Amino acid sequence: MDRHLIDIKADVRSALIALNALSGGAMTLFAVDGNRLMGTVTDGDIRRALIAGGSLEDSVESIMHRDFLAGRGDNDLALAISEGRRRGIALLPVLEGGCVADILDLNKFKTALPIDAVLMAGGKGERLRPLTENTPKPLLPVGGKPIIDYNVDELEACGVERIFITVNYLAEQIEAHFASREGRAKVACVREPRRLGTMGSLALVEGLQCDNVLMMNSDLLTTLDFEDLYLHHVKSGADLTMAAVPYNVSVPFALMRLEKDMVKGLVEKPTYNYFANAGVYLMKRELLSRLNKGEYVDAPDFVSRLIDDGGMVSSYPIEGTWIDIGSPNDYKYANELMNRKLM
């Protein structure tokens, strides 16, 4: 990090030498007073200053760009990363109290989502028997890798630091799988004493710290953009955001348009387009106060009650791949995709 920092009192010649040493990487300097960020310097800033009559003996302070983008290390960091990518910025400083705490390379760093995640992994996967007789569905391999690991690894790559997994059926196998896992994210398993439904198991999770919690099925295979989901959720102001997938219904017959028993028209083989629940929910943590420990609660009931009580629920359409691996055909298709590296 230090090689990207330069004191505001240093001269332009020193800035050029420092920039030259960065050749081959992101050539941006951050001008600091002590460690307090005051501006940025690129070779373009220097070139414009020299054309305007400046000299190599001028101070960095006189040529630096003062209108810089920075993350603050709190809930706006994901927003700053997104804006930095939109502007084509390579390096994003992260500030604490105005001082440079870190510098993120946006070519390597995906995002830093301020959310906790809970993956549901307690189901029996009965439709996949006999594959799930001795192996819990989330640990079934897809493309040589357990299904659940795709989701855990992606969440970790998005900067999620705390991931909780609710387990029930063959729980000891999932617990053993993650006991030896190494990575930046902390992964903890939470046992359900019995089936508590999609949302009921959330009441058992202790240690949630972020303002927003992601809840999702662990056996989904998807290219869902978690950063975009989060940004959509925040911008919408929703209490809860549901990811959605398009679902089309084609009727192979002509449908009658009726008024009582009179036919007023025919619609030939219509197709209806809907959005279906994708099994991914991002919600404000305060909503968990609506759950009672040990109570069975499914997601549709939870969402319906929230809407009835005046809560704001938004939808986020998934673009790309979404497979709910619930049948042998789904499992076969998912393996074909991953073996051909189509995701």
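Our structure is the block above this text.
Residues numbered from 1 in each chain as written. Predicted model: local features only at pLDDT ≥ 70, side-chain atom pairs only at ≥ 80, totals over all residues. Heavy atoms only, no water.

1. Some remarks on the overall build of the protein
The secondary structure content of the protein amounts to ten helices and 18 strands. The globule rule puts the C-alpha radius of gyration for 343 residues at 20 Å, and the 26 Å found for the protein is more than 25% above it. Overall size of the protein, expressed as C-alpha extent along the three principal axes, is 90 × 60 × 45 Å. Residues counted as buried form 46% of the 343 residues belonging to the protein. The long-range fraction of contacts in the protein, counting pairs at least 24 apart against all pairs at least 6 apart in sequence, stands at 69%. For the protein, the accessible surface area stands at approximately 17,900 Å², while carbon and sulfur atoms represent 48% of it. Distance between charge centres in the protein, computed from 38 positive and 48 negative side chains, equals 3 Å. (Helix = DSSP H or I, 4+ residues; strand = E, 2+ residues; numbered from the N terminus. Rg over C-alpha atoms; globule rule 2.2 N^0.38 Å. Buried < 20%, exposed > 50% of the residue type's maximum accessible area, 1.4 Å probe, protein only. Contact = heavy atoms within 4.5 Å. Areas by Shrake-Rupley, 256 points an atom, 1.4 Å probe, with all protein chains shown as cover. Lys, Arg positive; Asp, Glu negative; His and termini not counted. Charge placed at Lys NZ, Arg CZ, Asp CG, Glu CD.)

2. With respect to the pattern of salt bridges
Side chains that differ in sign of charge can pair as their charged atoms come close. Under the counting rule described, the total for this entry stands at 16 salt bridges. A salt bridge links Lys-137 to Asp-219; its shortest N-O distance comes to 2.9 Å. Placement of Lys-137 in the loop between strand S6 (115–121) and strand S7 (141–142) and of Asp-219 in the loop between strand S11 (212–217) and strand S12 (220–222) is noted, with a sequence separation of 82 residues between them. Bridged by salt links that share partners, the residues Lys-145, Asp-153, Glu-156 and Arg-181 form one connected network. (Salt bridge = Lys/Arg side-chain N within 4 Å of Asp/Glu carboxyl O.)

3. Section: the nonpolar core
Ranked by size, the top nonpolar core spans 35 residues in total, and within it Ile-163, Ile-165 and Leu-214 carry the most contacts. Contributing elements (two or more residues each) for this core: S6, helix H5 (147–157), strand S9 (162–167), helix H6 (171–179), S11, helix H8 (226–236), strand S13 (240–250) and strand S16 (271–284). Not counting residues up to four positions away in its chain, the partners in contact with Ile-163 are Ala-117, Leu-119, Val-152, Leu-155, Glu-156, Ala-185, Lys-186, Val-187 and Ala-188. Core analysis: the next-biggest nonpolar cluster, separate from the first, contains 25 residues, Leu-202, Ala-203, Leu-208 and Leu-240 among them. (Core = buried A, V, L, I, M, F, W, Y, C linked by side-chain atoms within 4.5 Å.)

4. Brief notes about the packing of aromatic side chains
Using the criterion set out here, one finds zero aromatic pairs in the structure. Positioned above the aromatic ring of Tyr-150 is the side chain of Lys-145, whose terminal nitrogen or guanidinium carbon lies 4.7 Å from the ring centre. (Phe/Tyr/Trp six-rings, centres within 6.5 Å; stacked < 30°, edge-to-face > 60°. Lys NZ or Arg CZ within 6 Å of the ring centre and 35° of its normal.)

5. A few points about helix H10 (residues 328–339)
Here H10 is twelve residues long and its end C-alpha atoms lie 16 Å apart, about the 16 Å a rise of 1.5 Å per residue gives. Within the sequence span of H10, burial applies to Tyr-331, Ala-334, Asn-335, Leu-337 and Met-338. Down the axis of H10, the buried side of the element spans an arc of 160 degrees, and every buried residue falls inside it. More than 90 degrees from the buried face of H10, the exposed residues found are Asn-329, Lys-332 and Asn-339. (Expected span 1.5 Å × (residues − 1). Arc of directions from axis to C-beta.)

6. Quick notes on the sheet that holds strand S10 (residues 186–191)
Here seven strands make up an open sheet; going across it, the order is S10-S9-S6-S11-S16-S13-S17 and the pairing mixed. Edge strands, defined here as strands with exactly one partner in the open sheet, are S10 and strand S17 (313–317). Averaged over neighbouring strand pairs, the angle between their axes works out to 30 degrees when direction is ignored. Bridge count between S13 and S17: five bridges; the pairing is parallel. Within S17, the residue paired with Met-242 across the bridge is Ser-315. Of the strands in this sheet, S13, S16 and S17 are in contact with helix H9 (residues 299–308), which crosses S13 at around 115 degrees. (Pairing = 2+ DSSP bridges. Axes fitted to C-alpha atoms, helices over the stretch in contact; angles between N-to-C directions.)

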